[in-house]
Every structure is written in structure tokens, then in C-alpha cells.
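Given next are the chains, with one letter for each unit.
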Amino acid sequence: MAQTVLVVDFGGQYNQLIARRVREANVYCELISFQKLREKIAETQPIGLVFTGGPASFNDEGAPRIDADILNMGIPVLGICYGCQLIAGTLGGAVGEGPREYGKCTLDVKIKDSALFKGVKSPSTCWMSHTIYIEKLPQGFATSAVTDSCPVAAMEDARKKLYGVQFHPEVMHTEEGFKILKNFLYGVCGATGEWTMSGYVERTVAELKAKIGDKKVLCALSGGVDSAVAATLVHRACPNLICIFVDHGLLRKGEAEEVVRVFRDEQGMKLVAVDASKRFLDKLAGVAEPEKKRKIIGEEFIRVFEEEAKKVGAVDYLVQGTIYPDVIESGLNHSAKIKSHHNVGGLPDVVDFKELVEPLRLLFKDEVRRLGFELELPEHIVMRQPFPGPGLAIRVIGDITNDKLSILREADYIFREEIAKNGLSGEIWQYFAVLTDMRTVGVMGDERTYDYTVALRGVTSVDGMTADWARIPFDVLQIISGRIVNEVKHVNRVVYDITSKPPATIEWE
Ligand code: XMP
């Protein structure tokens, strides 16, 4: 089994970020609920534990706790923020409320030969976000770092390999944060850095070969990063992979052709490409309500896939591009439904198969991309910006027609082309055009026009959960606007959406 670190979730907002940083340090980790800690220790034999922050206060009734014996098992522990207070409180120290310490602070290391702070410059900037302080250290512990207002910014019992930091080493604002995390992983836990994407390809291909061999495997290919990487990985191992690509007619300009070119022609996969655009558009005719559109597309997608899968016949395995955040999401928390996201979740019900294969189940999105490069997929597939399952249907506001889709495709293409030409694609997380259902008066030549308004949306984000509108330079916006009204018939006005999420969402529907 790979060396594993358990990142133990106490409800902190940076919990996934901690796990990603550990992975970036080439150490495999899993993010687990504190309630599962004991069973996961038995299952994975971890080389170390990282306790995340969390909103609770250790002294509160009902605050998440752990049994003290966990800290005496000889497994190295790094507690961050709440995790640090938890170690102190659990081992007989005391914590209590103090003034809020938030944002950048100056960290002063007091134990110069601490394994945690090896090679860390002092003073340095760290990021704090707490009101609870360590008032009394547990027996055997010493203060290893302070800030101006925090007398115990870090503590340790090096003999027992127990470390705690009040600041957040995982966030970028903590200058030496990544070094501190690596010190814990390599200097304290004895990690050997075996988690790499080339190693992952090698291991997974060998596992898939052993498990699947030449049995029949089916995969739904959407052209998105996850399904593309999942299919390519399985293709490396299994000669009998069949991919089905359902073109619902709601893709961007040139996209359907590209999927066929890359996967059938370049990668040499067995690819069934189904042009179901007429079927989807017929079903969507006259439907303007966003949730209804999403529902129709989700259901129709499953029906088409079901029919195609029937033609393939019974298969042994069905590939799904599930990634680690989906796994975490279903295991750790439940959030309110804002939109019913369309994905391939319903497929297992309609395919005659024996077992699911989820080769990306352990990976974060950035790891999936690195894996894509490792598999030599083209950059435009690997770095493809997120694209919603219902496609352009939720970017044509109101009812959908072929004409409206054509207008949107052309406008969106110009937007994408200019963003790339101006070297901005790396800076903007997602950008696309929306065809509003508003028509306004304009003048072209000496003629009155009464045509559509196109809205441009560009956002910066980390994971799509929150987003800010991208500050695209005005001169670039001007070029895009000029080109759209000149080159795309039936558009006489272009607007730029300057709303963040929340309160808006990224897509308009
Ligand atoms: P919203 O509009 O909810 O979008 O702020 C957040 C991110 O999710 C994408 N999105 C979807 N992705 N199926 C998907 O696979 C969907 O139905 C769907 N709806 C929105 C959206 O493009 C953005 O990246």
C-alpha cells in the first residue's frame, strides 16, 4: 500500500486545500471525517495525521473531539488551527478565547532546531484566522513559534512527534507554509515522495490490466477533461474499450468534430459518435424554464446512451470519470441544491454491466490534468475550461432554436479566439458568451436594427464554488465587442457581466 497521510476534517474551510498541498508534496493522502479516524487508521496504517481547522471551539459542548489514545499511538500528528487547539485540549492543556487574530502576521520561530521549522526563515509572514488561543501547554510540549499577539503560534512535543500550528501553512499567504508542510511529511513522518503521476499511470495501468484484461469495457466520453483522461488511461490497459460520445447538438463550435478527431483518429480508440442533436432540439422546443431544460437534457442523454449501449450489448465494466472532490462531497457534507447539475450519474442504471471502474476516484482536478499531460493528451483537452453538461442550452436564455444556437456559437468562438490571442486564457478560469433573450434597437449603416444582446461572462475562481468577474482589459473587450457585432448577424449589442458568485452564479441558467 502507498504511504498514506490522513487529513482529518474538522469542518475547516481549507480542508481540501490541505489535502491538495500534501499531494503536491508527492505524498498520497485522504481527506476523512474525524468520526472515521479510528477505522481509517486501522485500514490505511497512516504515516502521519493532519488535523484541519474548523469552526468549533474546543471548550464548546458538542465540539468535535478525539480520544487521547490516538495521540499516543506513535503516529506523527500536525494540528492546524482548531487541530492544534484540539491537541492541546485533549492532552490536558487549556484553550480560551482572546482577541481575533486575522490575516497576515509575523511568525517568529523559537525552537531553531525544530524538525517542523528546519530551513524556515524567521521572521516570516504567516496567515492567521482564530480567536481561540492556547493558554496552557500540555505536559511535554514547548512553544516553537510566536507572533506579536499569539504567545503560542506553534507548539510541539518532538519526542512524541506531535506538532501544532495556529496559523495556516496550506494557504499561499503563509510564505514558508509549503516548506513547513514538507518538513512535517518528510522530516517527521518519513515520507519518501512516491506519489507522482507517472507512478500513478504505471500502477493503474498494471491494476487495470490485471483486473480487466481483454474483457469488454464501456465509457461515456463527453470531451471534458475527466472523461477524456479516464478513457485514455483505461485505453492504455484494455484493448476492448468502447467509448460512446453523444453529441446533443449543444456543444461549442467545432467541439464535436474535435472529440472524434482526437479520440478516434489520434488515440485510436473504438469510438461510437452519435449525432442526437435533432432529438434533443425537438424535445427542447418551446422550453424556456432553466430547470426544465436541464431535466430534459439529463433524461434524454440517458435514453440515447441506453439505446447505444444496447447495441454494444452486455459489458463487463462501465468507466466513470468520478474524481476525488465528488467522493469527498458525498462523504463529508450536504449542501443546498441551487441547480440540478447534469452529469452521467444515471448511466449505471441503464447499462448492462457487472462493475464500475473509476480510475480517477483518488485524484484532485489538478492531478487529473497532470495525468492528462502524462498520457500525452493535447493541451486544449487537458486545460479545457469547465463546460456544463447541458451545454449551450443553458447559455441561450429562454427557448432554444437552431438559429439562436448558431448566433451563440459564433459569438462564443470570437470571444474564445480573442482571449487566446491576447494571452489571457491562463488567467481566466471560465469564459463564455450568453445569448440573452433580449432584443434592443440599434443602428447599422443608416438602418434601424432590432437584434439580440450578447452577454460575455468571464470569471476567476478556484473550484467554481465562488467566483469573481475577470478584469478583462477594456481594449480586449472592445475588440471582442466590435468583432461580434460586425461578424455575427442578428447581434447589435454586447454587454459584460460584472457580478461575482455569490450572489450570481457563473452560468446564467
Ligand atoms: P454555476 O452556474 O452553478 O456553475 O455557478 C458552477 C460551475 O459548474 C458548471 N456547471 C455545470 N457543470 N453540469 C456540469 O457538469 C451542469 O449541469 C452544470 N451547470 C453548471 C459551470 O459551467 C461552472 O463551471
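Before reading further, recall that the structure is shown in the block above.
Residues numbered from 1 in each chain as written. Predicted model: local features only at pLDDT ≥ 70, side-chain atom pairs only at ≥ 80, totals over all residues. Heavy atoms only, no water.

Participant: Just checking my understanding: could you explain helix 7 (residues 255–266) for this structure?
Facilitator: With 12 residues, helix 7 should reach 16 Å at 1.5 Å per residue; the first-to-last C-alpha distance of 15 Å fits that figure. Three or more residues of helix 7 are buried, namely Glu-255, Ala-256, Val-259, Val-260, Val-262 and Phe-263. Elements in contact with the buried residues of helix 7: helix 6 (225–237), strand 11 (241–247), strand 12 (270–275) and helix 13 (379–382). (Helix = DSSP H or I, 4+ residues; strand = E, 2+ residues; numbered from the N terminus. Expected span 1.5 Å × (residues − 1). Buried < 20%, exposed > 50% of the residue type's maximum accessible area, 1.4 Å probe, protein only. Contact = heavy atoms within 4.5 Å.)

Participant: Explanation requested: the packing of aromatic side chains in the structure shown.
Facilitator: This structure, assessed with the given rule, holds 11 aromatic pairs. Considering the side-chain rings of Tyr-324 and Phe-364, the 5.3 Å spacing of their centres and the 85 degrees angle between planes classify their relative orientation as edge-to-face. In this pair, Tyr-324 sits in helix 10 (residues 324–332) while Phe-364 sits in the loop between strand 14 (355–357) and helix 12 (365–374), placing the two residues 40 residues apart along the sequence. Across this residue pair, the class does not change: Tyr-324 and Phe-364 are buried. (Phe/Tyr/Trp six-rings, centres within 6.5 Å; stacked < 30°, edge-to-face > 60°.)

Participant: Honestly, the packing of helix 5 (residues 197–212) against helix 12 in this entry has me stumped. Any pointers?
Facilitator: Look at helix 5 against helix 12: their axes get within 9 Å of each other, and the N-to-C directions meet at 75 degrees. With respect to helix 12, the element helix 5 is oriented roughly perpendicular. Along the contact surface, helix 5 presents Met-197, Ser-198, Tyr-200 and Val-201, while helix 12 presents Glu-367, Arg-370, Leu-371 and Glu-374. (Axes fitted to C-alpha atoms, helices over the stretch in contact; angles between N-to-C directions. Parallel < 35°, antiparallel > 145°, perpendicular 65-115°, else oblique.)

Participant: Explain the pairing of strand 16 (residues 447–461) here, please?
Facilitator: The element strand 16 is largely enclosed, with a buried count of 11 among its 15 residues. Of the pairings in the sheet, the one linking strand 15 (residues 430–444) to strand 16 comprises 12 bridges and is antiparallel in character. Across the sheet, Val-443 pairs through a bridge with Arg-448, a residue of strand 16. Connecting the antiparallel pair strand 15 and strand 16 is a turn made up of two residues, with Gly-445 showing a positive phi of about 65 degrees. One ladder, built from three bridges, connects strand 16 with strand 17 (residues 467–469); its direction is antiparallel. (Pairing = 2+ DSSP bridges.)

Participant: What's the story with the sheet that holds strand 13 (residues 317–319) in this structure? I'm lost.
Facilitator: Taking strand neighbours across the sheet as the criterion, the five strands line up as 12-11-10-13-14 in an open arrangement whose pairing is parallel. The open sheet has two edge strands with one neighbour each: strand 12 and strand 14. Direction aside, neighbouring strands of the sheet carry axes that sit 25 degrees apart on average. Bridge analysis of strand 11 against strand 12 gives six bridges, and the strand direction is parallel. Bridge pairing in strand 12 places Ile-242 opposite Lys-270.

Participant: Quick question: what am I supposed to make of helix 15 (residues 474–487) here?
Facilitator: Look at helix 15: 20 Å from first C-alpha to last across 14 residues, which is about the 20 Å you get at 1.5 Å a residue. Listed in full, the buried residues belonging to helix 15 are Val-476, Leu-477, Ile-480, Arg-483, Ile-484 and Val-485. On its buried face, helix 15 sits against helix 14 (402–421), strand 15, strand 16 and strand 18 (491–496).

Participant: Whenever I open this one, the pattern of salt bridges confuses me. Can you help?
Facilitator: Working definition: two side chains of opposite charge can pair if their charged atoms are close together. Here the structure, examined in full by the defined rule, presents 35 salt bridges. A salt bridge links Glu-410 to Lys-253; its shortest N-O distance comes to 3.1 Å. With Glu-410 in helix 14 and Lys-253 in the loop between strand 11 and helix 7, this residue pair connects regions lying 157 residues apart in the sequence. Lys-354 is the partner of Asp-316 in a salt bridge, and the nearest nitrogen-oxygen pair spans 2.8 Å. Taken together, the residues Asp-316 in the loop between helix 9 (290–312) and strand 13 and Lys-354 in the loop between helix 11 (347–350) and strand 14 connect sequence positions 38 residues apart. Take Asp-316: its relative accessible area is 16%, and that puts it in the buried class. Since its relative accessible area comes to 68%, Lys-354 is described here as exposed. Members of the salt-bridge network, linked through shared partners, are Glu-417, Glu-418, Lys-421, Arg-483 and Glu-487. (Salt bridge = Lys/Arg side-chain N within 4 Å of Asp/Glu carboxyl O.)

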